[in-house]
Amino acid sequence: MASISIQHLYKRYGKDKQIVVNDFHLEIQDREFLVFVGPSGCGKSTTLRMIAGLEDITEGHVYIGDQLVNQLPPKDRDIAMVFQNYALYPNMSVYENIAFGLRLRKQPRHEIDLAVRRAARVLEIEPYLNRKPKELSGGQRQRVALGRAIVRNPSVFLMDEPLSNLDAKLRVQMRMELIKLHKTLGATFIYVTHDQIEAMTMADRIVVMKDGVIQQIDTPEIVYSKPNNTFVASFIGSPAINFIDGKITEEAGDRLHFTTRRFSLPVTKEIEQLLRRHRKINRTVTLGVRPEHVGPEGLYSDYVFSAVYKVSELMGADRFLHLDIGQDKLLVARVDAYYRCEENEQLRVVLDMNKALFFDADSGVRLT
């Protein structure tokens, strides 16, 4: 197996040298499941293709194991790539598709047969080996594409949005299959997606990207609970985090409050120390609070204010309440599915300020 070292990688395009990947620096551990996530056009697929050798590197170095691979062709990098569109040969059977790369290498027939049947067994597609791709479902085709990668027994698997063409139910199933496959193979996986749910459920670590720049690298738990900035906070999490702009004011007794035109809430002592350290008294900041940390009065002990109920979304075990807090702002609260209230009803709403995050209003950087 292999670790990967990506050192100050740049990709520039065109005469104007537009930067698509900007100073990408990352150490990937052997057997790690790493996910690149970000919006379309953020540079994640381009980075993956530079690792694969499908895209020229403008500047920087890529090591797989101890070997510098900048000038190596893809076939010599000990990698296998799985694409979004499966890229199966329609005139070949499943067996022939999986075996194709091994035949190009002129491996002995009995070794090819053993490798194909072993991969088919791992992926549970043995009954379909004689079928053509058009006779398979989307999930089965994706398994065939994975099988073609597995038989090469590479050190590194590179996957570029492999589940995006599947329906929602199949994506959930295939996510679990990929997690099991990673554990079975013990290889290094680098996975690209714009779907933050895929990133959160599969990754050992997540690399969040925006405009070609790494915004944060950490475990899913840390990226969710301690995002580096407002972009990461808003991109990771469903439904999205609530943001409220307000001013830090010093009230009677030297207690700091987060104040808007609609309400004023005291901040916790721990947060107060950090805000003082950052010199944010009488300055505008952005409060970020996850929907699960907002609810009707009674869920938490302090930090109560008024809001007007507008609409709700039932999501199985949960209900998302959309609450008008003024300033043309709707706050989303995650409550039990059985919670009921009337349209335009005035509610007493509570924030769990122990879980609240404060961000610099200008830079978006997390302060607390």
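Residues numbered from 1 in each chain as written. Predicted model: local features only at pLDDT ≥ 70, side-chain atom pairs only at ≥ 80, totals over all residues. Heavy atoms only, no water.

S.K.: Looking at this model, I keep getting lost on the sheet that holds strand 1 (residues 4-13). Mind explaining?
M.R.: Sheet strands associate in pairs through backbone hydrogen bonding, adopting either a parallel or an antiparallel arrangement. With antiparallel pairing, the four strands of this open sheet are ordered in space as 2-1-4-5. Bordering the open sheet on either side are strand 2 (18-28) and strand 5 (67-68), each of which pairs with just one other strand. (Pairing = 2+ DSSP bridges. Helix = DSSP H or I, 4+ residues; strand = E, 2+ residues; numbered from the N terminus.)

S.K.: Sorry, what's going on with the side chain of K44 here?
M.R.: With respect to the element layout, K44 can be found in helix 1 (residues 44-52). One buried charge, K44, has no salt-bridge partner; the nearest side chain with opposite charge is E161, at 4.3 Å. Only 3.1 Å separates the side chain of K44 from the backbone oxygen of P39, close enough to count as a polar contact. Those residues within four positions of K44 in sequence are excluded, and the remaining contacts are F36, V37, G38, P39, E161, V192, T193, H194 and M209. (Buried < 20%, exposed > 50% of the residue type's maximum accessible area, 1.4 Å probe, protein only. Lys, Arg positive; Asp, Glu negative; His and termini not counted. Salt bridge = Lys/Arg side-chain N within 4 Å of Asp/Glu carboxyl O. Polar contact = N/O pair within 3.5 Å; in protein donor to acceptor, adjacent residues only side chain to side chain. Contact = heavy atoms within 4.5 Å.)

S.K.: Please explain the layout of surface pockets as it appears in this structure.
M.R.: Over the atoms rolls a probe the size of a water molecule, and in doing so it shows where empty space is left. Size it by volume and the largest pocket reaches roughly 510 Å³. Contributing to the lining of the largest pocket are 18 residues, with M81, F83, G101, R148 and R152 lying nearest its centre. Breaking the lining of the largest pocket down by element, the ones donating at least two residues are strand 6 (79-82), helix 2 (94-104) and helix 4 (138-150). When its residues are assigned to classes, the lining of the largest pocket shows 13 nonpolar, one polar and four charged. Taken together, 19 residues make up the lining of the second largest pocket; nearest its centre are S225, N354, K355, A356 and L357. Element by element, the count of residues in the lining of the second largest pocket is highest for helix 9 (residues 269-277), at three residues. (1 Å grid on protein atoms, 1.4 Å probe; cavity = no way out; pocket = protein on both sides within 12 Å on 5 of 7 lines; lining within 4 Å. Points joined across faces, edges and corners; volume = space filled by probe spheres on them. Nonpolar A, V, L, I, M, F, W, Y, C, P; charged D, E, K, R; others polar.)

S.K.: Looking at this structure, I do not really get the environment of I248. What am I missing?
M.R.: Here I248 lies in strand 11 (residues 242-250). The class of I248 is buried, set by a relative accessible area of 0%. A C-alpha to C-alpha distance of 6.2 Å links I248 and T259, two positions eleven residues apart in sequence. Each residue touching I248, except ones within four places of it in the same chain, is listed here: L256, H257, F258, L275, K280, I281, N282, R283, V285 and F358.

S.K.: Explain the environment of D76 to me, please; I cannot follow it from the model alone.
M.R.: Within the secondary structure, D76 is located in the loop between strand 5 and strand 6. Among the polar contacts listed, one links the side chain of D76 to the side chain of K75, at a separation of 3.4 Å.

S.K.: It is not clear to me how the pairing of strand 9 (residues 205-210) should be interpreted in this structure. Could you clarify?
M.R.: Remark: a regular strand shows side chains that alternate across the two faces of the sheet. When strand 3 (residues 33-37) meets strand 9, the two strands line up parallel, connected through four bridges. Within strand 9, the residue paired with L34 across the bridge is R205. Remark: two residues form the turn of the hairpin made by strand 9 and strand 10 (residues 213-218), two consecutive strands paired antiparallel; D211 in that turn has positive phi of roughly 50°.

S.K.: Please clarify how the packing of helix 2 against helix 4 should be interpreted in this entry.
M.R.: Packed helix pairs are characterised by how far apart their axes lie and by the angle those axes make with each other. It is at 7 Å that the axes of helix 2 and helix 4 come closest, and there the two elements cross at 30°. The orientation of helix 2 with respect to helix 4, classified from their angle, is roughly parallel. Classified by chirality, the crossing of helix 4 by helix 2 is right-handed. Here V94, N97 and I98 of helix 2 come into contact with helix 4, specifically with V144, G147 and R148. (Axes fitted to C-alpha atoms, helices over the stretch in contact; angles between N-to-C directions. Parallel < 35°, antiparallel > 145°, perpendicular 65-115°, else oblique. Left-handed = near helix turned anticlockwise from the far one by under 90°.)

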